[in-house]
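Examination of the molecular architecture
Each chain is listed here by its residues.
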Amino acid sequence: MIPHDHPRYRSLKVREHLARCVKEGILSLEGLTAHGRGEAFDYLIGERTTESALQAERSAAALLLIARKPVISVNGNTAALAPGGIALLQQASNAAVEVNLFHRTDERVRKITCLLEKYGVQVLKGEGDRLLPLSHDRAFCLKEGIGAADVVLVPLEDGDRCQALREMGKTVIAIDLNPLSRTAMCASLTIVDEVTRALPGITQFCRELTKEEAQIFSTKYNNREILRSAIQEIHSRLDHALD
Ligand code: PTJ
């Protein structure tokens, strides 16, 4: 039982929820360690959406809105943390949603699909093919989904697939709290923010941007600058930590 007045109440409740998701077969055991790394970086950016992350969220919304075939790729961590956030973003952006897993089993794909559907997400289904040049199971995706997408949103990704998607000519939007990760460096656009804050941020911009604004913000970003700002943010927080 986690007391309500515990200073880290929310974080502890999330951990409790994720542990339950492991037992239910939604989250991989490895997903817990990935979450821990994310928590550490979230601490370093101050557990809030920074100005540069907000700008990245606006550009992400613009890219999704002007895309011919946008797809949101969902893994176990994202499904466990933000099924409702994915549903709202799908409604606001009209993007397709595909389950894509690193630790892939048919059982997990089925369970994650069911969970998302319970929240109102329309999930692409079918037999995946090995469409990406990767030796692990993230290579499996749907021809009419990630295979045909021009813009792919990848929350909590691993660098390999991000690179493979880029090499296939796709625009990749990553959500990753670690601005130094291979994914963050390799994505077309990286949102250095916690996934449960980033998704509502992108959704809000999808609702607000006009067509003209979407055109402008879809080109007006520089990923190196976004990452530089996130690293500077961490720097200055560390510099002033003991003030
Ligand atoms: O569900 P599966 O089988 O597809 O597996 C998913 C994981 C996350 C286990 C797999 O993709 C993986 O191993 O990812 P990595 O390589 O650990 O990368 C995850 C990245 O997401 C790390 O850079 C973390 O800092 C970051 N991260 C973790 N939690 C969050 C996060 N970023 C945003 N929000 C979070 N809550």
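What this report covers is the structure whose coordinates are included nearby. (Residues numbered from 1 in each chain as written. Predicted model: local features only at pLDDT ≥ 70, side-chain atom pairs only at ≥ 80, totals over all residues. Heavy atoms only, no water.)

Counting 48 residues, the largest nonpolar core has Leu116, Ile173 and Ile202 as the members making the most contacts within it. Among residues more than four places away in sequence, those in contact with Ile173 are Ala60, Leu63, Leu64, Val151, Val152, Leu153, Val154, Leu189 and Ile191. Counting 17 residues, the second largest nonpolar core, distinct from the first, contains Cys162, Leu165, Val172 and Cys186. (Core = buried A, V, L, I, M, F, W, Y, C linked by side-chain atoms within 4.5 Å. Buried < 20%, exposed > 50% of the residue type's maximum accessible area, 1.4 Å probe, protein only. Contact = heavy atoms within 4.5 Å.)

Our next topic: the site of the ligand. In the vicinity of the ligand there are 23 residues, among which Phe102, His103, Arg108, Asp176 and Glu194 approach most closely. His103 is positioned with one of its backbone polar atoms (N or O) 2.8 Å from an oxygen atom of the ligand. The contact in question runs from an oxygen atom of the ligand to an N or O atom on the backbone of Leu156, over 3.5 Å. Contact with the protein chains covers 92% of the free accessible surface of the ligand, which is 740 Å². A molecule is said to occupy a pocket when more than half its atoms come within 2 Å of that pocket's grid points, and by this definition the ligand occupies the largest pocket. Elements supplying a minimum of two residues to the shell around the ligand: α2 (29-45) and α4 (76-81). Looking at the shell around the ligand, the element that brings in the most residues is α2, giving five residues. Here the residues of the shell around the ligand sort into seven nonpolar, eight polar and eight charged. (Near = heavy atom within 4 Å. Polar contact = N/O pair within 3.5 Å; in protein donor to acceptor, adjacent residues only side chain to side chain. Areas by Shrake-Rupley, 256 points an atom, 1.4 Å probe, with all protein chains shown as cover. 1 Å grid on protein atoms, 1.4 Å probe; cavity = no way out; pocket = protein on both sides within 12 Å on 5 of 7 lines; lining within 4 Å. Sits in = over half its atoms within 2 Å of the grid points. Helix = DSSP H or I, 4+ residues; strand = E, 2+ residues; numbered from the N terminus. Nonpolar A, V, L, I, M, F, W, Y, C, P; charged D, E, K, R; others polar.)

The next subject is the pattern of salt bridges. Side chains that differ in charge, positive against negative, can pair when their charged atoms come close. Using the criterion set out here, one finds 16 salt bridges in the structure. For the salt bridge of Lys111 with Glu107, the shortest nitrogen-to-oxygen distance reads 3.6 Å. You can see Lys111 and its partner Glu107 sitting in helix α6 (residues 106-118), four residues apart, about one turn around the helix. With relative accessibility at 27%, the residue Lys111 sits in the partly exposed group. Glu107 sits in the partly exposed class, given a relative accessible area of 39%. One continuous salt-bridge network, built from bridges that share partners, spans Arg138, Glu157, Asp158 and Arg161. (Salt bridge = Lys/Arg side-chain N within 4 Å of Asp/Glu carboxyl O.)

Packed helices, taken two at a time, are described by the angle between their axes plus the distance between the axes. Two elements in contact, α2 and helix α11 (residues 223-239), have axes separated by 8 Å at closest approach and are oriented at 70°. Looking at the two axes, α2 sits roughly perpendicular to α11. Of the residues in α11, those touching α2 at Phe41, Tyr43, Leu44 and Ile45 are Ile234, Arg237 and Leu238. Grouping the amino acids of the contact of α2 with α11 by side-chain chemistry returns six nonpolar, no polar and one charged. (Axes fitted to C-alpha atoms, helices over the stretch in contact; angles between N-to-C directions. Parallel < 35°, antiparallel > 145°, perpendicular 65-115°, else oblique.)

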